[in-house]
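# Coordinate analysis (summary)
Here's the letter readout for the chains.
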Amino acid sequence: MNPGMPQKVVLPGVKQVIAVASGKGGVGKSTVAANLAMALRMTGHAVGLMDADIYGPSVPIMFGLSVDPKTTPFPVEKYGIRLMSMGFLVDPQQAVIWRGPKVAQAVSQFLTHINWAPLDYLVIDLPPGTGDAQLTLAQTAPLTGAVIVTTPQDISLIDARKGLAMFREVRVPVIGIVENMSYFVGEDGKRYDIFRHGGGRKLADEAGVPLLGEIPIDPLVAESGDAGEPIVSKYPQSPAAAAYLKLAAVVMEASAHTAASAEKLPEVQL
Ligand SMILES: Nc1ncnc2c1ncn2[C@@H]1O[C@H](COP(=O)(O)OP(=O)(O)O)[C@@H](O)[C@H]1O
Ligand SMILES: [Mg+2]
């Protein structure tokens, strides 16, 4: 073992740990994480959602929860999902100005000091980007695999590619790519490609990983997020909800596959 290598945290009783990542912010990563967690819960699984985005926590708003950290035992539960976020500990209006190592420490405490088990799935909303904090997390969290969220634009794809490279470097399997804000379904029921659609497919093909889903742009996605209930449960009949539910089904299938093939992989000595 390389002494400079961070140790992997062990989470007994947590079957699968799925990271939701993106190369850049604002692509809908947290919304994917929240809806994935909710969809997994709606299919009868025991689910946790850990918001590891220390600088931009969004779980408190997306789940409509504010708590008094002094009197609240963590994880808190809403809609049957176990939740943890920096936003429960500090005022979300206050910018958290922390350096990398302290961020890594906070997040590793979310993993080690919180009683997540028993869980079928722990979804982790990773901070955007591929810096030190993200790298440390990718190395220390016992990840089954990572889901990478991108929008169709080139600029987002370039950053998503960096995200792919980061997970490859730390030997975390990439479960696949999600293209968010992929298209728009008009009142007429027609599908409009607002941005150049298909970037997610291109990236997935290039990296040899599955395209897990394409999520349409839908104002109800943002409305539900702001209202504290993910769209998959608030408006399950909407096209975006259908896309998230389908995504969850594909992720379940693919991550089971990823977990099974990872068991067969020999230990890599770095
Ligand atoms: N498919 C979508 N359709 C419409 N709005 C979306 C969609 N996905 C995300 N949003 C909105 O875009 C904003 C950014 O999404 P968020 O999940 O916070 O991004 P990130 O975590 O990548 O920074 C939020 O207001 C969210 O509600
Ligand atoms: Mg976010």
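I will try to describe carefully the structure that is included in this document. Model, not experiment: these values are computed from the prediction.

### Some remarks on the layout of surface pockets
Empty space within the second largest pocket amounts to approximately 230 Å³. Along the wall of the second largest pocket there are 19 residues; nearest its centre are Gly28, Ser30, Thr31, Ser58 and Met62. Top contributing element to the lining of the second largest pocket by residue count: helix 7 (residues 219-227), with four residues. A class-by-class count of the residues in the lining of the second largest pocket yields six nonpolar, nine polar and four charged.

### As for the side chain of Asp53
Within the secondary structure, Asp53 is located in the loop between strand 2 (47-51) and helix 2 (59-62). Polar side-chain contacts of Asp53 include one of 3.1 Å to the backbone nitrogen of Gly56. Contact partners of Asp53, with chain neighbours within four places excluded, come to Lys29, Asp125, Pro127 and Pro128.

### Things to note about the pairing of strand 1 (residues 14-21)
Buried residues dominate strand 1, accounting for seven of its eight residues. As judged from the six bridges shared by strand 1 and strand 5 (residues 119-125), these two strands associate in the parallel manner. Note on strand 5: the bridge partner recorded for Val20 is Asp125. In this sheet, strand 6 (residues 145-150) lies alongside strand 1 in parallel orientation, the contact comprising four bridges. From the neighbouring strand, Ala21 faces strand 6, where its bridge partner is Ile148.

### Re the packing of aromatic side chains
This model, assessed by the stated rule, comprises two aromatic pairs. Taking the centre distance of 6.1 Å and the plane angle of 20 degrees together, the rings of Phe74 and Phe88 count as stacked. Note that Phe74 is positioned in the loop between helix 2 and strand 3 (76-78) and Phe88 in the loop between strand 4 (81-85) and helix 3 (100-112), a separation of 14 residues in sequence. Among the residues examined, Phe74 registers a relative accessible area of 21% and is labelled partly exposed. According to the relative accessible area criterion, Phe88 is buried, its value standing at 3%. The side chain of Arg191 reaches across the aromatic face of Tyr183, ending 3.6 Å from its centre.

Parameters and conventions
Residues numbered from 1 in each chain as written. Chains lettered and ligands numbered in written order. Predicted model: local features only at pLDDT ≥ 70, side-chain atom pairs only at ≥ 80, totals over all residues. Heavy atoms only, no water. 1 Å grid on protein atoms, 1.4 Å probe; cavity = no way out; pocket = protein on both sides within 12 Å on 5 of 7 lines; lining within 4 Å. Points joined across faces, edges and corners; volume = space filled by probe spheres on them. Helix = DSSP H or I, 4+ residues; strand = E, 2+ residues; numbered from the N terminus. Nonpolar A, V, L, I, M, F, W, Y, C, P; charged D, E, K, R; others polar. Polar contact = N/O pair within 3.5 Å; in protein donor to acceptor, adjacent residues only side chain to side chain. Contact = heavy atoms within 4.5 Å. Buried < 20%, exposed > 50% of the residue type's maximum accessible area, 1.4 Å probe, protein only. Pairing = 2+ DSSP bridges. Phe/Tyr/Trp six-rings, centres within 6.5 Å; stacked < 30°, edge-to-face > 60°. Lys NZ or Arg CZ within 6 Å of the ring centre and 35° of its normal.

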